[in-house]
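# Breakdown of the fold
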Amino acid sequence: MYAVPTALLAPLRNRRILIVGFTNLTGRSVALAFDAAGIRYKISDLKERAALEPLLSGLCVSPEDVLTGPQHPNQLDGIDLVVLSPGVPRSIELIRAARQRGISVVGDVDLAVSLVPQARIIGITGTDGKTTTTSLVGRIMGERAVIAGNIGVPCYCRLGARVGTSSTATRRAARCSVRSLSRRWDIRVRGSRDAVST
């Protein structure tokens, strides 16, 4: 279980949440954070139940709240917030239906960032060199920085870790994650094969 400051997640306790897309590093990390804060949620994933079972181990989610296989709009019944995992297209029927119903849809990274509004966010994206650049920026920033994201440490593992008014969260994000963000980075670094630009 992650050491998540439950006070950060308190505003979500009365929401009816559907996590769409479930992998070891994204959907599961969100679910673990929700469990730690006593937040109820449902899961929707195209994979068959047997394929998800190893990822569900240790979670508090009820079996009937794990929706597997084809995703239909009726999975949105009673839901008022969809948390979208990176890599799940916003063009799928389930997400289009959520928007038509006026249901909030946020990326999992976007949700994590919104929970620490006092932190400055450095987003590192691009084709090559993201992990190296993120590690380098983290070393430069020292103890002020919290490194998380698509670097093997999900954002929800680090929520609240030294994040104060003077802290900086450095996140390595794949392009699919960046497209899901509603909050702009305070600083964005985009790497390529030949150069790094800001």
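Before any of the text, the structure's been laid out above.
What you are looking at is a predicted structure, and each value in this text was computed from that prediction instead of being measured.

On to the overall build of the protein chain. Regarding its fold elements, the protein chain presents seven helices and ten strands. Counting over 198 residues, the protein chain shows a buried share of 48%. Long-range pairs, those at least 24 residues apart, make up 63% of the contacts in the protein chain between residues at least 6 apart in sequence. Roughly 9,700 Å² of accessible area belongs to the protein chain as shown, and the carbon and sulfur atoms make up 51% of that amount.

Another aspect to go through is the packing of aromatic side chains. Taken as a whole, this structure holds one aromatic pair when the rule is applied. The interplanar angle of 55° and the centroid separation of 5.9 Å between the aromatic rings of Phe34 and Tyr41 together place this pair among those described as tilted. A residue is classified by how much of its surface remains accessible, and Tyr41, at 5% relative accessible area, is buried.

Here we take up the pattern of salt bridges. Throughout the structure, instances matching the rule amount to six salt bridges. In this structure, Arg16 and Asp80 form a salt bridge, with 3.7 Å as the shortest nitrogen-oxygen distance. Remark: Asp80 occurs in the loop between β3 (66–68) and β4 (81–84) and Arg16 occurs in the loop between α1 (6–9) and β1 (17–20); sequence separation between them is 64 residues. Arg16 sits in the partly exposed class, given a relative accessible area of 45%. Between Asp77 and Arg101 there is a salt bridge, with the nearest N and O atoms lying 3.0 Å from each other. Of this pair, Asp77 sits in the loop between β3 and β4 while Arg101 is found in the loop between α4 (93–100) and β5 (104–107), placing the two residues 24 residues apart along the sequence. On the basis of relative accessible area, Asp77 is assigned to the partly exposed category, the value being 45%. By relative accessible area, which is 43% here, Arg101 ends up partly exposed. Because the salt bridges share partners, they merge into one network encompassing Arg15, Arg16 and Asp80.

As summarised here, the arrangement of the five strands in space is β3-β2-β1-β4-β5, forming an open sheet in which the pairing is parallel. The two strands at the open ends of the sheet, each matched to only one other strand, are β3 and β5. Neighbouring strand axes in the sheet, compared pairwise and without regard to direction, differ in orientation by 20° on average. Relative to β3, helix α3 (residues 49–56) is tilted by about 145°, and along the sheet it contacts β2 (41–45) and β3.

Quick look at α3 now. Buried within α3 are the following residues: Leu52, Leu55 and Leu56. For α3, the angular spread of buried residues about the axis comes to 95°, placing them on one side. Those residues of α3 that are exposed and angled more than 90 degrees off the buried face are Ala50 and Pro54. Taken together, the buried residues of α3 touch α2 (27–36), β2 and β3. Following α3 by one or two positions, Gly58 has its phi on the positive side, about 85°.

Moving on: the side chain of Gln71. Among the secondary structure elements, Gln71 is positioned in the loop between β3 and β4. Classification of Gln71 by relative accessible area gives buried; the value is 13%. Here Ser44 takes part through its side chain, which lies 3.0 Å from a polar atom of the side chain of Gln71.

Take the nonpolar core next. The nonpolar side chains of a soluble globular protein tend to be buried with one another. Phe22, Phe34 and Tyr41 are the most contacted members of the largest nonpolar core, which has 25 residues in total. For this core, the elements supplying multiple residues, two or more each, are β1, α2, β2, α3 and β4. Per-element tally for this core: the top contributor is α2, with five residues. Apart from residues lying up to four places away in sequence, Tyr41 is in contact with Ile17, Ile19, Ala31, Phe34, Asp35, Leu59, Cys60, Val61 and Asp65. Counting residues in each nonpolar core, the second largest holds 13 residues, with Leu18, Ile79, Val82 and Ile103 among its members.

Within the secondary structure, Cys60 sits in the loop between α3 and β3. Each C-alpha atom of the pair Cys60 and Gly38 lies 9.0 Å from the other, and the pair is 22 residues apart in sequence. Those residues in contact with Cys60 that sit more than four places away from it in its chain are Asp35 and Tyr41.

Thresholds applied
Residues numbered from 1 in each chain as written. Predicted model: local features only at pLDDT ≥ 70, side-chain atom pairs only at ≥ 80, totals over all residues. Heavy atoms only, no water. Helix = DSSP H or I, 4+ residues; strand = E, 2+ residues; numbered from the N terminus. Buried < 20%, exposed > 50% of the residue type's maximum accessible area, 1.4 Å probe, protein only. Contact = heavy atoms within 4.5 Å. Areas by Shrake-Rupley, 256 points an atom, 1.4 Å probe, with all protein chains shown as cover. Phe/Tyr/Trp six-rings, centres within 6.5 Å; stacked < 30°, edge-to-face > 60°. Salt bridge = Lys/Arg side-chain N within 4 Å of Asp/Glu carboxyl O. Pairing = 2+ DSSP bridges. Axes fitted to C-alpha atoms, helices over the stretch in contact; angles between N-to-C directions. Arc of directions from axis to C-beta. Polar contact = N/O pair within 3.5 Å; in protein donor to acceptor, adjacent residues only side chain to side chain. Core = buried A, V, L, I, M, F, W, Y, C linked by side-chain atoms within 4.5 Å.

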